[in-house]
Amino acid sequence: MDWSRAKNVFIMIFLILDIFLISQFIIQKSENTYDLIQDTPIDQQLKADNIQIKTELPLKPTKASYVEADAMVFQADDISSLSGQSIEILNDNILIKSQLTSPYPLKKDWKVADVDQFLKNYVYYGDQYKYYQYDKDKNMIIYYQLYKNQMFYKNASGQVQLVLNDKNEIVSYSQTMLDDIKEISKQEILTAHEAMAILYNKGLLDVGSNITNIKLGYYTLVPIKSSQLLAPTWCFTIDDKRDYFVNAVEGHVLNEEEEILK
């Protein structure tokens with residue numbers, strides 16, 4: 001027997017076995033590391049990325065309903081008591097267009113409460129809407145309708161848009177409204193904490209960013225001119241600049257692509 005040749009064969013066999021075992025060890029270690037990353041609590045991951053929650057993290061509600069609603073059909077009687085303006089009802093009576101007789105002045109450093117007062121005095125059921133944002137590019141203030149103190153986010157069928165001139169005066173507005181609102185299919189929803197984890201795991205929370213507001217409201221699933229189906233939705237405001245909307249039942253980020261494209 002050629003022992004020299006046999007020894008070389010054994011050496012090669014053991015070398016191949018060692019390489020196999022080392023490769024298996026590396027794969028296993030990689031998988032374990034991945035599991036550790038996945039299992040790390042979201043709070044630790046946020047802390048590691050210096051992402052801070054600058055608002056109260058809601059613990060409730062734990063249940064919510066889908067909502068059905070119809071577009072409000074305005075009647076002449078609805079606007080008869082609104083003074084200081086010229087009003088048209090358009091688009092099959094679901095849109096109010098108003099031109100103020102005299103511009104309504106706002107201070108240069110106006111507060112939301114100042115605009116709230118305008119809605120209360122000039123807009124049909126104006127107290128059922130809540131401030132959402134000021135669009136500087138369009139010089140427009142946007143309010144959305146509330147249902148049980150929860151907002152119908154980004155809803156063109158339940159909003160008031162106030163148009164300002166270059167003197168910071170309200171000169172006109174448009175209004176739509178949802179009516180005949182019904183709750184259907186009440187069920188368990190994601191917690192705000194779980195919805196926040198979805199945003200983080202999708203890479204939508206930048207390192208060093210701040211979560212400045214978290215609220216539950218409703219977001220349209222099926223937009224139709226005359227009626228809508230809306231889902232309970234968590235709204236996360238990041239750095240007081242942009243919002244992400246997470247479907248509180250299914251966990252979808254409803255405006256993910258829209259925000260990424262910006």
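Residues numbered from 1 in each chain as written. Predicted model: local features only at pLDDT ≥ 70, side-chain atom pairs only at ≥ 80, totals over all residues. Heavy atoms only, no water.

*Asks:* Help me understand the overall build of the chain in this model?
*Replies:* When you go through the chain residue by residue, the secondary structure sums to six helices and 13 strands. A total of 262 residues make up the chain; the buried ones form 41% of that total. Considering only residue pairs separated by 6 or more positions, the chain has 58% of its internal contacts joining residues 24 or more positions apart. Here the chain has roughly 15900 Å² of accessible surface; of this, 52% comes from carbon and sulfur atoms. (Helix = DSSP H or I, 4+ residues; strand = E, 2+ residues; numbered from the N terminus. Buried < 20%, exposed > 50% of the residue type's maximum accessible area, 1.4 Å probe, protein only. Contact = heavy atoms within 4.5 Å. Areas by Shrake-Rupley, 256 points an atom, 1.4 Å probe, with all protein chains shown as cover.)

*Asks:* Please clarify how the packing of aromatic side chains should be interpreted in this entry.
*Replies:* The way to describe two aromatic rings as a pair is by their centre distance and the angle between their planes. For the structure on display, the rule yields 15 aromatic pairs. Between Tyr124 and Tyr125 the ring centres are 4.8 Å apart and the planes differ by 80 degrees, which places this aromatic pair in the edge-to-face class. Owing to a relative accessible area of 13%, Tyr124 belongs among the buried residues under this scheme. Note on Tyr219 and Phe245: the rings are 5.0 Å apart at their centroids and 45 degrees apart in plane angle, and the pair reads as tilted. On the criterion of sequence distance, the pair formed by Tyr219 in strand β11 (residues 210-223) and Phe245 in strand β13 (residues 242-247) is long-range, its members being 26 residues apart. Connected via pairs of aromatic rings, a cluster forms that spans Tyr104, Phe118, Tyr122 and Tyr173. (Phe/Tyr/Trp six-rings, centres within 6.5 Å; stacked < 30°, edge-to-face > 60°.)

*Asks:* I would appreciate a short explanation of the environment of Val171 in the present structure.
*Replies:* Mapped onto the elements of the fold, Val171 is located in strand β9 (residues 169-175). For Val171, a relative accessible area of 18% translates into the label buried. Sequence separation between Val171 and Pro103 is 68 residues, and the spatial gap between their C-alpha atoms is 4.8 Å. Residue contacts for Val171: discarding those within four places in its chain leaves Gln99, Leu100, Pro103, Val163, Leu164 and Asn165.

*Asks:* Just to check I follow, could you spell out the pairing of strand β3 (residues 85-90) for this structure?
*Replies:* It is a general feature of regular strands that their side chains alternate between the two faces of the sheet. Where β3 lies against strand β4 (residues 95-105), six bridges are found, and the strand directions are antiparallel. In the sheet register, Leu90 faces β4, and the bridge partner there is Leu95. In textbook terms, the turn of a hairpin is the stretch between consecutive antiparallel strands, and for β3 and β4 this stretch comprises four residues, one of which, Asn91, has a positive phi near 50 degrees. (Pairing = 2+ DSSP bridges.)

*Asks:* Explain the pairing of strand β2 (residues 63-71) to me, please; I cannot follow it from the model alone.
*Replies:* Of the pairings in the sheet, the one linking β2 to strand β10 (residues 178-188) comprises seven bridges and is antiparallel in character. Pairing of Ala71 across the sheet is with Leu178, part of β10.

*Asks:* Which parts of the structure should I look at to understand helix α4 (residues 112-122)?
*Replies:* Structurally, the α-helix is built with 3.6 residues per turn, so residues lying three or four positions apart point the same way. Regarding α4, the residues found buried are Val115, Phe118 and Leu119. The buried residues of α4 all sit within an arc of 95 degrees when viewed along its axis, so they share a single face. Of the exposed residues in α4, those oriented more than 90 degrees away from the buried face are Ala113 and Lys120. (Arc of directions from axis to C-beta.)

*Asks:* Explain helix α5 (residues 192-201) to me, please; I cannot follow it from the model alone.
*Replies:* Within the span of α5, buried status applies to Ala192, Ala195, Met196, Ala197, Leu199 and Tyr200. At the C-terminal side of α5, Gly203 shows a positive phi close to 75 degrees.

*Asks:* Please explain the confidence of the model for the chain as it appears in this structure.
*Replies:* The predicted coordinates should not be examined in detail at positions where pLDDT is low. With 81% of its residues at a pLDDT of at least 70, the chain reaches an overall mean of 85. Contacts from residues 17-39, a stretch scored under 50 in pLDDT, to residues over four places away or in other chains number one contact. (pLDDT = per-residue confidence, 0-100.)

*Asks:* Got a minute to help me understand the pattern of salt bridges in this structure?
*Replies:* Pairing between side chains of opposite charge can happen when their charged atoms approach one another. Tallied over the full model, the rule gives three salt bridges. In this structure, Lys148 and Glu183 form a salt bridge, with 2.7 Å as the shortest nitrogen-oxygen distance. Within this pair, whereas Lys148 is found in the loop between β6 (140-147) and β7 (150-153), its partner Glu183 is found in strand β10, the two being separated by 35 residues in sequence. Ionic pairing is found between Asp180 and Lys182, a salt bridge with its closest N-O pair at 2.8 Å. Under the relative-accessibility criterion, Lys182 is labelled partly exposed at 38%. (Salt bridge = Lys/Arg side-chain N within 4 Å of Asp/Glu carboxyl O.)

*Asks:* Explanation requested: the side chain of Thr176 in the structure shown.
*Replies:* When you line up the elements, Thr176 lands in the loop between β9 and β10. Here Gly158 takes part through its backbone nitrogen, which lies 3.2 Å from a polar atom of the side chain of Thr176. The contacts of Thr176, once residues within four sequence positions are left out, are Phe74, Ile94, Leu95, Tyr129, Ala156, Ser157, Gly158 and Gln159. (Polar contact = N/O pair within 3.5 Å; in protein donor to acceptor, adjacent residues only side chain to side chain.)

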